[in-house]
Amino acid sequence: MRYWSLLFALAAIFCIGAFVYAPFNPDWWLPNSPSEPYHTISTFGREIDSLFIIILVITGITFIGTQIALVWASFRFVDQTDAEGRPVRKATYFHGSQRLEVVWTIIPASILVFIALYQMGTWAAIKFRSSAPKVQALAEVTARQFQWVMRYPGPDGRLNTADDLHLVNDLHFVKGKTALIYLKSSDVLHSFFLPQMRIKQDAVPGLNIPVWFDSDRAGSYDLACAELCGWGHYKMRGNVTVHETQADFDDWMQRAIDAQNVSQLAAVGGPQGEVNPR
Ligand SMILES: [Cu+2]
């Protein structure tokens, strides 16, 4: 009987091993940049990851402590009977312990207050409208079932003019420059998620929400919808291209505009359905 507790111990040890290992393996936890496995590629990403690590350490220590207590208690207080089959130890009953309850309410409450205060600066920098960078908007992104409709300002730098570039599921910006988009939804709730940059923002019908992010490495990354928005939620994916230089970006923009001008889509004034489905 007593040795059942060792089986529980084995499960606990396996769990502890898994979460100690997970942050150091780029495939187990949050997606990382392949060339620098333990770092993310954006300014906010590093802050978000350090918050994740702090919370992992707090929950990890708590988990290890409670598992040790659990295994010890099930080993120490195992149900034993003597030669005549009578219990060796008599169970005692008591009703509550105010001191214990005060202690295990105050400790988690103060940990939560600590986390709430500690993350405030990061939250403000990422989410507060007052922290939005004073830069020209990169694009207007409208989520709809089931695609991301992107509208870039085009050569005149102004949105909602005749030279706007319309694309679907294709986000481009420049390395090392803060990109600002305006996020909308034309039907239900969606969530704009850049996993490698640790950015996630709900797209809410009726709201026009500024979202900003950067990347310090050029490359191709993911855009995903992180809010279950209907049967086609799974295919609501986009491509993110981070260009090495502004010149590369301008080059791409020019080619995209040329392509739009020769296609019939431009003639009817905007994207009709999926222009470049994945
Ligand atoms: Cu969606």
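Here the structure is shown first, and the text comes after it.
Not measured: the values here are computed from a predicted model.

Reading the values: rules and limits
Residues numbered from 1 in each chain as written. Predicted model: local features only at pLDDT ≥ 70, side-chain atom pairs only at ≥ 80, totals over all residues. Heavy atoms only, no water. Core = buried A, V, L, I, M, F, W, Y, C linked by side-chain atoms within 4.5 Å. Buried < 20%, exposed > 50% of the residue type's maximum accessible area, 1.4 Å probe, protein only. Helix = DSSP H or I, 4+ residues; strand = E, 2+ residues; numbered from the N terminus. Domains from an automatic or database assignment. Contact = heavy atoms within 4.5 Å. Pairing = 2+ DSSP bridges. Donors = N, O, S within 2.8 Å, 3.2 Å for Na, K, Ca; no water. Phe/Tyr/Trp six-rings, centres within 6.5 Å; stacked < 30°, edge-to-face > 60°. Lys NZ or Arg CZ within 6 Å of the ring centre and 35° of its normal.

Novice: Would you explain the nonpolar core in this entry?
Specialist: The nonpolar side chains of a soluble globular protein tend to be buried, and buried together. Counting 43 residues, the largest nonpolar core has Trp148, Tyr152, Leu171, Phe192 and Phe213 as its most contacted members. Here the element with the most residues in this core is helix H5 (residues 246-262); it accounts for five residues. Both domain 1 (4-81 + 96-127) and domain 2 (133-268) contribute no fewer than three residues apiece to this core. Setting aside its immediate chain neighbours within four residues, Phe213 contacts Leu171, Phe173, Lys177, Thr178, Ala179, Ile181, Phe192, Leu194 and Ile199.

Novice: Where do I start with the pairing of strand E2 (residues 147-152) in this structure?
Specialist: Every other side chain in a regular strand lies on the same face of the sheet, so the side chains alternate between the two faces. By the criterion of burial, E2 is predominantly enclosed, with five of the six residues buried. Judged from the five bridges that link them, strand E1 (residues 139-144) and E2 form a sheet pairing that is antiparallel. What sits directly across from Glu140, in E2, is Arg151. Where E1 hands over to E2, the hairpin turn is made up of two residues, counted between the paired strands. For E2 and strand E3 (residues 165-168), the ladder comprises four bridges, and the chain directions are antiparallel. Among the inter-strand pairings, Tyr152 is bridged to a residue of E3, identified as Leu165.

Novice: I keep staring at the coordination of the copper ion and nothing clicks. Help me out?
Specialist: Any two of four tetrahedral donors ideally make an angle of 109.5 degrees at the metal, while pairs among six octahedral donors ideally make 90 or 180 degrees. Every protein donor of the copper ion is accounted for by His190 (ND1), Cys225 (SG), Cys229 (SG) and Met236 (SD), and the metal-donor separations fall at 2.1 to 2.5 Å. Read in sequence order, the donor residues coordinating the copper ion give the pattern H-x34-C-x3-C-x6-M.

Novice: What is the right way to look at the packing of aromatic side chains in this model?
Specialist: The geometry of an aromatic ring pair is captured by the separation of the ring centres together with the interplanar angle, meaning the angle of the planes. Applying the stated criterion across every chain yields a total of eight aromatic pairs. An angle of 85° between the planes, with centres 5.6 Å apart, marks the rings of Trp72 and Phe77 as edge-to-face. The class for Phe77 is partly exposed, based on a relative accessible area of 45%. Relative to Trp231, the ring of Phe146 has its centre 5.1 Å away and its plane inclined at 70°; by these criteria the two rings are edge-to-face. Taken together, the residues span a long stretch of sequence, with Phe146 in the loop between E1 and E2 and Trp231 in the loop between strand E9 (219-225) and strand E10 (237-243) at a distance of 85 residues. Judged by relative accessible area, which is 11%, Phe146 ranks as buried. An aromatic cluster is built from Trp148, Phe173, Phe192 and Phe213, whose rings are joined through pairwise contacts. The ring of Phe193 has Lys200 sitting right over it, with the charged end atom 4.4 Å from the ring centre.

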